Amino acid sequence: MSRIAIVAAMREELHGFLDDMGRSAVKETRAGREFFVGEIAGHEVVAVLSGIGKVAAAITATMLLDRYGVGAVVFTGVAGGVGDGVRVGDIVIADALVQHDMDARPLFPRFEVPLTGKALFAADARLATLARDSARQVIANDLATEVGADALAEFGLDAPRVHDGLIASGDQFIADAGKAAQLRADLPGLLAVEMEGASVAQVCADHGMPLAVMRTISDRADVHAAFDFGRFVEQVASRYSHAFVRRLLDAL
Ligand code: ADE
């Protein structure tokens, strides 16, 4: 497959990939972003932090497509779970993404991105299936090795589930159960919220570029998200991301 972009939302999530690239990694700094170009599992890879929020992520995605000529984008990070049964430690793989703060009514229907005729932007079906299979394989066989039994026990993650469906992105950190419930009501089938994926999906759609978005649930988008977020990202989410995306690269 052609060059693959691995886009992470948090610095901790890039470390495993940089280790994999080893000496092949070349760092280029552009527009305040560090792009690491190298090789993993026989694939040419560009790894970069997205920045936080839709604009930062759209700029990053555009650069990956225009300057780095990638042929596919894999986005990994954390999200707030809003769907029924979507728990902390679960994995959500997007089959479609929507910008929940897009609202140009009465000119256009709510959520529709003006002049595209679309509210929902599809992820690439093949990549999404491979991502789901990779996550399931790692969870079934290698989770304790990849993440560490101590961390799994500490966060009560004995049996994470893999969900696929709708992810919504907006320039808001959702920490209010009422707001999460409203989003769930307004967007049937909504599983999780985050702040970047749907803008990357819009950029990829404009370029006809395949995209997979794979998120670990770090909180339930309510006021109880008061556990140690930093430690969760470092000890769980970043190791999940690395293990799943590595498995995905092996499968491509
Ligand atoms: N990323 C992780 N949790 C989130 C939340 N609750 N809202 C938005 N983005 C998130």
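Just above, that's the structure.
One structure accompanies this document, and this report is about it. Just so you know, these numbers come straight off a predicted model, no measurement behind them. (Residues numbered from 1 in each chain as written. Predicted model: local features only at pLDDT ≥ 70, side-chain atom pairs only at ≥ 80, totals over all residues.)

A count of helical and extended segments in the protein chain gives eight helices and 10 strands. On C-alpha atoms alone, the protein chain measures out to a radius of gyration of 17 Å, which is about the 18 Å that the 2.2 N^0.38 rule sets for 252 residues. Expressed along its principal axes, the backbone C-alpha trace of the protein chain runs to roughly 55 × 45 × 30 Å. Expressed as a percentage of its 252 residues, the buried residues of the protein chain come to 48%. A separation of at least 24 residues holds for 77% of the contacts in the protein chain among residues at least 6 apart in sequence. (Helix = DSSP H or I, 4+ residues; strand = E, 2+ residues; numbered from the N terminus. Rg over C-alpha atoms; globule rule 2.2 N^0.38 Å. Buried ≥ 20, exposed ≤ 12 C-beta atoms within 10 Å, placed from the backbone. Contact = placed C-beta atoms within 7 Å.)

Turning to the site of the ligand, a few remarks are in order. Around the ligand sit Val78, Ala79, Gly80, Phe173, Ile174, Ala175, Val193, Glu194, Met195, Ser218, Asp219 and Ala221, and that is every residue in its neighbourhood. For the shell around the ligand, the elements supplying multiple residues, two or more each, are strand S5 (72-81), strand S9 (190-194) and strand S10 (211-219). Of the residues forming the shell around the ligand, the biggest block, three residues, is contributed by S5. The residue makeup of the shell around the ligand, split by class, is eight nonpolar, two polar and two charged. (Near = placed C-beta within 6 Å. Nonpolar A, V, L, I, M, F, W, Y, C, P; charged D, E, K, R; others polar.)

Our focus in this paragraph is the pairing of strand S6 (residues 91-99). The element S6 is largely enclosed, with a buried count of eight among its nine residues. Note: S6 against strand S8 (residues 162-169), eight bridges, orientation parallel. Within S8, the position partnered with Val92 by the bridge is His163. In the sheet, S6 pairs with S10 via three bridges, with the strands oriented antiparallel. Along S10, the bridge assignment pairs Val92 with Arg215. Two strands pair when backbone bridges link them, and S6 and strand S7 (residues 120-122) are joined in this way by three bridges, in the antiparallel orientation. (Pairing = 2+ DSSP bridges.)

This paragraph deals with the environment of Pro210. Here Pro210 shows up in the loop between helix H7 (197-207) and S10. The class of Pro210 is buried, set by 20 C-beta atoms lying within 10 Å. Separated by 140 residues in sequence, Pro210 and Val70 place their C-alpha atoms 9.9 Å apart. With residues up to four places along the chain from it excluded, the contact list for Pro210 reads Ala72, Asp124 and Leu127.

This next bit is on helix H2 (residues 54-66). End to end, H2 covers 18 Å across 13 residues, agreeing with the expected 18 Å (1.5 Å per residue, within 8%). Along H2, the residues classified as buried are Lys54, Ala56, Ala57, Ala58, Thr60, Ala61 and Leu64. (Expected span 1.5 Å × (residues − 1).)

The next thing to look at is the packing of H2 against H7. The interhelical angle for the contact between H2 and H7, taken along N-to-C directions, is 30°, at an axis separation of 8 Å. Our classification of the angle between H2 and H7 gives roughly parallel. Seen from above, H2 lies across H7 with right-handed handedness. Residues Lys54, Ala57, Ala58, Ala61, Thr62 and Leu65 of H2 pack against Ser199, Val200, Val203, Cys204 and His207 of H7. Looking at side-chain class alone, the contact of H2 with H7 contains seven nonpolar, three polar and one charged residues. (Axes fitted to C-alpha atoms, helices over the stretch in contact; angles between N-to-C directions. Parallel < 35°, antiparallel > 145°, perpendicular 65-115°, else oblique. Left-handed = near helix turned anticlockwise from the far one by under 90°.)

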